[in-house]
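The chain contents come next:
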Amino acid sequence: MKEEYEDLILKVTGAEALHTGAKIQTLWSGYGEIVRVHLQGSKRSSAVLKHIVLPQEPRNTTLSHQRKVKSYQVEMTWYKNYSTNDKCRIPECLAAGSFGNEQLIVLEDLDLAGFDLRKNSVDVTGMESCLSWLANFHGRFMGAEPQGLWQTGTYWHLETRPEELEAMADKELKSAAQKIDGILSGCRFKTIVHGDAKLDNFCFSGRLPVVAAVDFQYVGGGCGMKDVAYFLGSCMQERECERLVPGLLDHYFKELKAAVDGEVNFAELESEWRAMFVYGLDAHSQEE
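All figures in this text were calculated on a predicted structure; none of them were measured in a lab.

Conventions adopted
Going along each chain's sequence as written, the residues are numbered from 1 onward. Only residues with pLDDT of at least 70 get local features here, since the model is predicted, and only at 80 or more are side-chain atom pairs given and counted; chain-wide, interface and lining totals rely on the full set of residues. As a rule here, side-chain values cover all heavy atoms of the structure and leave hydrogens and water aside. By definition, a salt bridge exists where a carboxyl oxygen of Asp or Glu is found within 4 Å of a side-chain nitrogen of Lys or Arg. Comment: elements are numbered from the N terminus, with helices defined as DSSP H or I runs of at least four residues and strands as E runs of at least two. In this scheme, a residue with accessible area under 20% of its type's maximum is buried, one over 50% is exposed, and one in between is partly exposed, where area comes from a 1.4 Å probe on protein chains only. Contact between two residues is taken to exist if any of their heavy atoms lie within 4.5 Å; hydrogens are not considered. Here, strands pair whenever DSSP counts at least two bridges between them. A helix's residues, less one, multiplied by 1.5 Å, set its expected span. To get the bend at a given residue, fit one axis to the seven residues ending there, fit another to the seven starting there, and take the angle between those axes. Lines are fitted to the C-alpha atoms to define the axes, a helix being fitted only along its stretch in contact, and any angle between axes, read from their N-to-C directions, falls within 0 to 180 degrees. Every angle not falling under 35 degrees, over 145, or within 65 to 115 is termed oblique; those three ranges are roughly parallel, roughly antiparallel and roughly perpendicular. Note on convention: near helix rotated counterclockwise from far helix by under a right angle means a left-handed crossing. Clockwise means right-handed. Nonpolar residues are Ala, Val, Leu, Ile, Met, Phe, Trp, Tyr, Cys and Pro. Charged residues are Asp, Glu, Lys and Arg, and all others, Gly as well, are polar.

J.: I would appreciate a short explanation of the pattern of salt bridges in the present structure.
T.: Between side chains of opposite charge, pairing is possible as soon as their charged atoms come close. Evaluation of the coordinates by the stated rule reveals 12 salt bridges. Linking Arg274 and Asp250 is a salt bridge whose minimum nitrogen-to-oxygen distance equals 2.7 Å. Remark: Asp250 occurs in helix α7 (residues 238-259) and Arg274 occurs in helix α8 (residues 266-287); sequence separation between them is 24 residues. Given the relative accessible area of 32%, Arg274 is considered partly exposed. Judged by relative accessible area, Asp250 falls into the partly exposed class, the value being 44%. What emerges from the salt-bridge pattern is a single network uniting Arg36, Asp109, Asp111 and Arg118.

Take a look at the structure:
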């Protein structure tokens, strides 16, 4: 690790010394890594470093490279300028900055806060915990402008993925894609969506009834059903969805009602978003 990066981490954590621990994850297409940094002489025993290294020569198509570059810029803006609460917990950002073609985001280690479990599958209770997070997140940002974020959030936003659309094998869905995207984009009630709300991006706790979420590269404006459909699609097969979705949507909207401002006409919001759910599933299918 470069000395200036070590100095930054020591400064924002108040640590006297540090050493780099295990790699948590390699970023997509080799654009850097996420590592745990162990600290000495700080009230924190560790922090998490997201170190982005943008290649001088794009490793993918130009459009794909530009999308990734913007996604990291958006994530830095998110962590620096936005905040949530304990009902939609995210890691505290300790520092974020650019150094030439490299970017650093120093984050609270959620493992130390009790969110030390990652799950490959969840039961209904686990899904409800994540839906509660999404409902509180959507409620907190209902009507907010996504300043500095994606104008239209989500990993699979059609406008940013013309190559994937062109390669789509399902011809019927491909022909309907623009219409589906237009319906979702034209909804009256908009919020800020997480944008990549798959199960992998939620952190669970063995002692707390709530979850936390990470990875905000595709956070931006949109209909909350995009997140809900994507999340449920990451947890269940189609047959399970048919059986469990009605009850899970009821749970989500119960939580959303408690989270939104009292000035929002919730009956109209719920009516619109319930109708949007099926389009969110169809849009998720485009990405697959």
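J.: Sorry if this is basic, but what is going on with the environment of Val214 here?
T.: Mapping Val214 onto the fold places it in the loop between β8 (212-213) and β9 (220-222). Placed 11 residues apart in sequence, Val214 and Cys203 show a C-alpha to C-alpha distance of 7.7 Å. Residues contacting Val214, with those up to four places away along its chain left out, are Tyr79, Pro91, Leu110, His194, Asn201 and Cys203.

J.: Any chance you could explain the pairing of strand β5 (residues 102-108) here in plain terms?
T.: Along any regular strand, the residues point their side chains to alternate faces of the sheet. Most of β5 sits inside the fold, with seven of its seven residues counted as buried. Here strand β3 (residues 46-53) pairs with β5 via seven bridges, running antiparallel. Residue His51 lies in a different strand from β5, and its bridge partner there is Leu104. One ladder, built from six bridges, connects strand β4 (residues 93-99) with β5; its direction is antiparallel. Note on β5: the bridge partner recorded for Cys93 is Leu107. A loop of two residues connects β4 with β5, the two strands running antiparallel in sequence, and Gly100 in this loop sits at a positive phi of about 65 degrees.

J.: Explanation requested: α7 in the structure shown.
T.: An α-helical turn contains 3.6 residues, so any two residues separated by three or four positions project in the same direction. Between its first and last C-alpha atoms α7 spans 29 Å; for 22 residues at 1.5 Å apiece the expected length is 32 Å, and the two agree. The largest bend in α7 amounts to roughly 55 degrees and is located at Leu244, with the proline Pro246 lying one to four residues further along. Listing the buried residues of α7 in full gives Cys241, Leu244, Val245, Leu248, Leu249, His251, Tyr252, Phe253 and Leu256.

J.: I tried to follow helix α2 (residues 62-81) on my own but got confused; where do I start?
T.: Its 20 residues place the ends of α2 28 Å apart at the C-alpha level, agreeing with the 28 Å of an ideal helix rising 1.5 Å per residue. All of the buried residues along α2 are Ser64, His65, Arg67, Lys68, Val69, Ser71, Tyr72, Val74, Glu75, Met76, Trp78 and Tyr79.

J.: Just checking my understanding: could you explain the sheet that holds strand β1 (residues 17-26) for this structure?
T.: Neighbouring strands of a sheet are bound in pairs by backbone hydrogen bonds; such pairs are parallel or else antiparallel. The five strands lie next to each other as β1-β2-β3-β5-β4, forming an open sheet whose pairing is antiparallel. Two strands bound the open sheet, and with one partner strand each, they are β1 and β4. Averaged over all pairs of adjacent strands, the angle between their axes in this sheet comes to 20 degrees, without regard to strand direction. Relative to the sheet, α2 contacts β3, β4 and β5, its axis offset from that of β5 by approximately 35 degrees.

J.: What should I look at first to understand the packing of helix α6 (residues 225-235) against α7 in this one?
T.: When two helices pack together, their arrangement is captured by the angle between the axes and the distance separating the axes. Between α6 and α7, the least distance of the axes is 11 Å, while the angle of their chain directions is 140 degrees. By the angle between their directions, the pair α6 and α7 is classed as oblique. Handedness of the crossing formed by α6 with α7: right-handed. Side by side, α6 and α7 meet where Met225, Val228, Leu232 and Cys235 of the first sit next to Glu240, Cys241, Val245, Leu248, Leu249, Tyr252 and Phe253 of the second. Of the residues contributing to the contact of α6 with α7, the split by class is 10 nonpolar, no polar and one charged.

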